[in-house]
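Overview (structure and organization)
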Amino acid sequence: MAKYLWVGVSLFCLFFQLTAQTPAKIKLTVRNTPLNQVLIDLKENYGFQFAYDSDLLSQYEVSVNKIFHTEEETLIYLTRNLPLKVEKSGDVFLIIPLTAEEPKPVVTRISGQVLAARTFEPLPYSYVLVNRKPLQADNLGQFNFIASADTSYNLQISHLGYFIYDTIVTQSIHRQFFLSPQIERIKEVVILSNPVEKSTLIGDKAGYLKINHQIAPILPGHGDNSVFNLLRLMPGILASGESSNDLLIWGAYESHSKIQFDGFTLFGLKNFNDNIGVVNPFMIKNIEVMKAGYEARYGGRVGGIVDIQGKDGSLQKPGFTFNINSTTVNTMLQLPLSKSSSLLAAYRQTYYQLYEPTSLSLFSKGNSGSNGSGSGNTNSESIEFDVQPDFIFRDANLKFTHRSDGGSYFSVSLYGGGDEFMYDIEGEYGRNKYFRNEEEENRQYGGAVQYNYPWSNGSATNISVGYSGFEQKAYQLNEVERIRTGIILISKDIDSENTVDEFTATATHNLSFQRGHQLIFGIGTVNNQVQLSRISGDEVLMDVANNSSQLFLYLQDELPVGKVLALKTGVRMVYSNKLNDWYLEPRASVSLNLTHELKLNASWGLYNQFISKTLMVDSLLNYAKFWMNSDGLDIPVLHAQHFVAGGSFNKNGFTISSEAFYKTTDGLARYYSGSNWVKSGFYQGNAKTYGVDVYVKKEYKRHLAWISYTLCNTKEHFPYYLKNYYNPAPHNQKHEFKFAGILNYKSFYFSANYIYGSGFDRYDFETGDGSNLNKDYKRLDASVVYKFKPGKIKSEAGISILNMLDADNVKYSNLGVTTIDEISLVGVYADAVPFTPAVFFKIEF
């Protein structure tokens, strides 16, 4: 019995083994179906693993009604009458053209343009990977890769907020590549886990970060300033103090960083409502930030660069977007004019008086000393004065775009906007009546014409002409009147006007060589005109009108070395007509991919700036800023040297990045109005900045959170200092910590952000309650957004609560100091954003 049992078990095992080795039947029934679609079905139904050129295989239709026993048998049958052959590499089947009858080409060229699906918007600076060799598309999404001829090439294209395009290319190709947007799922907004995605928001290059603006409306805010709200949550961009004058990046002074939109400069971000940004968020397509150490194709600043690309408008169908929130009404119209031309227009403005009559905190500090430093008697008294404010804001965008069948691109982008603000302060303090009137009007306008022509060899030429202007008019009156006698004790008024404009013309040409090697060279000119007048009573304090122009040339070489190293070297040469001198700006950067997850970056460069804001300082340390051209005498050319080094790690939705930076800046100009110990006049100084950024981000399913910490120390020295030492710069803040998180549940998006700043060193006054104005900055915001789609109309509604904890922060840029009598100082300051609920509603169709 045992013998028969053993035989039965042996036969059963043998049968089981033979059955396991017998492949499952593959049943295939298709009729006149493209081969690429047939292969997709085989992959889904039977687990086939392929690598093939989808565009090539889509040209062949097959009809089959047959049962197969092996994968090889199936593929050989499908390709038996086609100019294709099947090769196996491990478990993957390669389907490539049968080219035995044709001579093998010397090189393969893979080129084209990256566009957004459905809207046909070019996606600038997309990342391209060909057989693991990286390159970056230009500002119109165009790229060109040349390599020695090979059997096949793996092509991957990615852009923040879009699905990755992944295919196999077996021959030279030049075409358009369409990426589908991912804006509903938070996990898909910023692609982290795929090795082709190089930016991952931060860590691709030294001092560089790429902003995915599509998540900006989900974060807390009014919506009109969502882009700036997102920028201020990034490491290295100052958020504390809520300065609306400029973006302060890695300790750079105001005006030392450049913000450009569609090729023209935006000189002023200032408005008196921080929840309205100078750039309409409806218009934005791409944002890149170069904090320091950037390449030779950027110039004209010694700080950072913020490059914003605007939308082109849809070529498919008309579209309309409407948004109303707590501050403005915002509209955008997209109108296709033909199959290759489109028109885009946007307009927004305030629709009611945002500021109501209120009271303003003033404080007095007896015997504080003439320098306003806060030394001496610390007795303080708080006063409430009546304030009558008035504010209005409006702006508009218009853009025309044309794309020819040959791939050339032409666009005209126009912008105009501004705001007006005024307030009156009136009240009594002690035996005196105090009156202050302040008015300010800002105007920003600009436009650019761009033309791009792609050549048949894959190179491209781009020509851009731009103009922008900024005008600021301000008036201030301070009066102190003795109540009993009616005698005017102090009367001081200042009427100022500062205008600056810029004309630019640039031509660039990109040359592509084998294996991702690129050479970029450009030539251009910049012309700036500045007018400045400051009048106090009948006295002309300043009256300047001058013009400055520069000619620049640059050459940049981008060289991948193997699969792990990328070198960028370049030089920019600038000739100043006004100063009759050449300025040399060499640049170099290196990126080292140690593994798929770990990357190291470093960069170095020299930078010059010929137009900037100059500070005027009075004896009480009040600062006034105005644009001036460098003249080589009172206003020298700014010179800076940048060192940046860091690394990033990215795996499975987790990103950590850290960068250290050191910068020196020479040629700072400052006008000191004079005091008992300092003679009035222009002084030249220098500054040094050093610090470190740390950024940690984690994505989990459809949720996202990040934290960042910045240590930054900027110190300056001027000859009027009593001793030979460095003082903290006016905008210096050593520590800043930020947190932001987004939680997605179905159609709801919950978000919050928190910012902590250690305070500025400039102010050490005390208010009546004993608190210091250089105290820590703390602000917690939260929001909820609901997305829904009634019919064909995309809709969003949301509510934000700004400063949920109602922290008593101070807007440092609005603090001023004046005198009441011979021994007392009065500080006038505006509180930062208080506890503020804000709502919005948006529709799009």
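Look up a bit, the structure's there.
Everything in this summary refers to the structure shown in the same document.

Procedures and definitions
Residues numbered from 1 in each chain as written. Predicted model: local features only at pLDDT ≥ 70, side-chain atom pairs only at ≥ 80, totals over all residues. Heavy atoms only, no water. Helix = DSSP H or I, 4+ residues; strand = E, 2+ residues; numbered from the N terminus. Buried < 20%, exposed > 50% of the residue type's maximum accessible area, 1.4 Å probe, protein only. Contact = heavy atoms within 4.5 Å. Areas by Shrake-Rupley, 256 points an atom, 1.4 Å probe, with all protein chains shown as cover. Patch = residues over 30% accessible without salt bridge, like charges linked within 9 Å, V, L, I, M, F, W, Y side chains within 5 Å. Salt bridge = Lys/Arg side-chain N within 4 Å of Asp/Glu carboxyl O. Lys, Arg positive; Asp, Glu negative; His and termini not counted. Charge placed at Lys NZ, Arg CZ, Asp CG, Glu CD. Phe/Tyr/Trp six-rings, centres within 6.5 Å; stacked < 30°, edge-to-face > 60°. Lys NZ or Arg CZ within 6 Å of the ring centre and 35° of its normal. Pairing = 2+ DSSP bridges. Axes fitted to C-alpha atoms, helices over the stretch in contact; angles between N-to-C directions. Polar contact = N/O pair within 3.5 Å; in protein donor to acceptor, adjacent residues only side chain to side chain.

To continue, consider the overall build of the protein. A count of helical and extended segments in the protein gives 5 helices and 45 strands. Across the 845 residues of the protein, 54% fall into the buried class. Of the contacts made within the protein by residues no fewer than 6 positions apart, 64% connect residues no fewer than 24 positions apart. Accessible surface, the protein as shown: approximately 36,300 Å² in total, 56% of it carbon and sulfur.

Together, Lys-317, Lys-789, Lys-792 and Lys-794 give the surface a local cluster of positive charge. Within the secondary structure layout, Lys-317 lies in the loop between β17 (305-310) and β18 (319-325).

All told, the structure shown has 16 aromatic pairs when counted by the stated rule. Judged by centre distance (5.3 Å) and plane angle (55°), the ring pair of Phe-68 and Tyr-77 falls under tilted. For Tyr-77, a relative accessible area of 25% puts it in the partly exposed group. Ring plane angle 20° and centroid distance 4.2 Å describe the contact between Trp-250 and Phe-661, whose orientation is recorded as stacked. With Trp-250 in the loop between α5 (226-231) and β14 (258-261) and Phe-661 in strand β35 (residues 654-672), this residue pair connects regions lying 411 residues apart in the sequence. Through a chain of ring-to-ring contacts, three or more aromatic side chains come together here, namely Phe-748, Phe-750, Tyr-786 and Phe-788. In this structure, Arg-572 is placed above the aromatic ring of Phe-552, and the distance from its NZ or CZ to the ring centre is 4.4 Å. Sitting over the face of the ring of Tyr-726, Lys-688 holds its NZ or CZ atom 4.5 Å from the ring centroid.

This part is about the sheet that holds strand β13 (residues 208-211). Taken in spatial order, the 5 strands of this open sheet run β13-β16-β17-β14-β15, and their pairing is mixed. Bordering the open sheet on either side are β13 and β15 (264-266), each of which pairs with just one other strand. For this sheet the average axis-to-axis angle between neighbouring strands, irrespective of direction, equals 25°. Pairing geometry for β14 and β17, over 4 bridges, is parallel. Its bridge partner lying in β17, Gln-260 is registered against Asp-307.

On the secondary structure map, Lys-663 appears in strand β35. Residues Lys-663 and Trp-604 lie 59 residues apart in sequence; the distance between their C-alpha atoms is 9.9 Å. Dropping the residues within four chain positions of it, Lys-663 is found in contact with Ile-249, Trp-250, Ala-252, Ala-292, Gln-641, His-642, Ala-687, Lys-688 and Thr-689. A polar atom in the side chain of Lys-663 sits 3.0 Å from the backbone oxygen of Trp-250.

For the rest of this paragraph, the subject is the environment of Ser-658. Within the element layout of this structure, Ser-658 appears in strand β35. Overall, the relative accessible area of 31% leaves Ser-658 in the partly exposed class. Sequence separation between Ser-658 and Asp-693 is 35 residues; the distance between their C-alpha atoms is 5.4 Å. With residues up to four places along the chain from it excluded, the contact list for Ser-658 reads Ala-645, Gly-646, Gly-647, Val-692, Asp-693 and Val-694.

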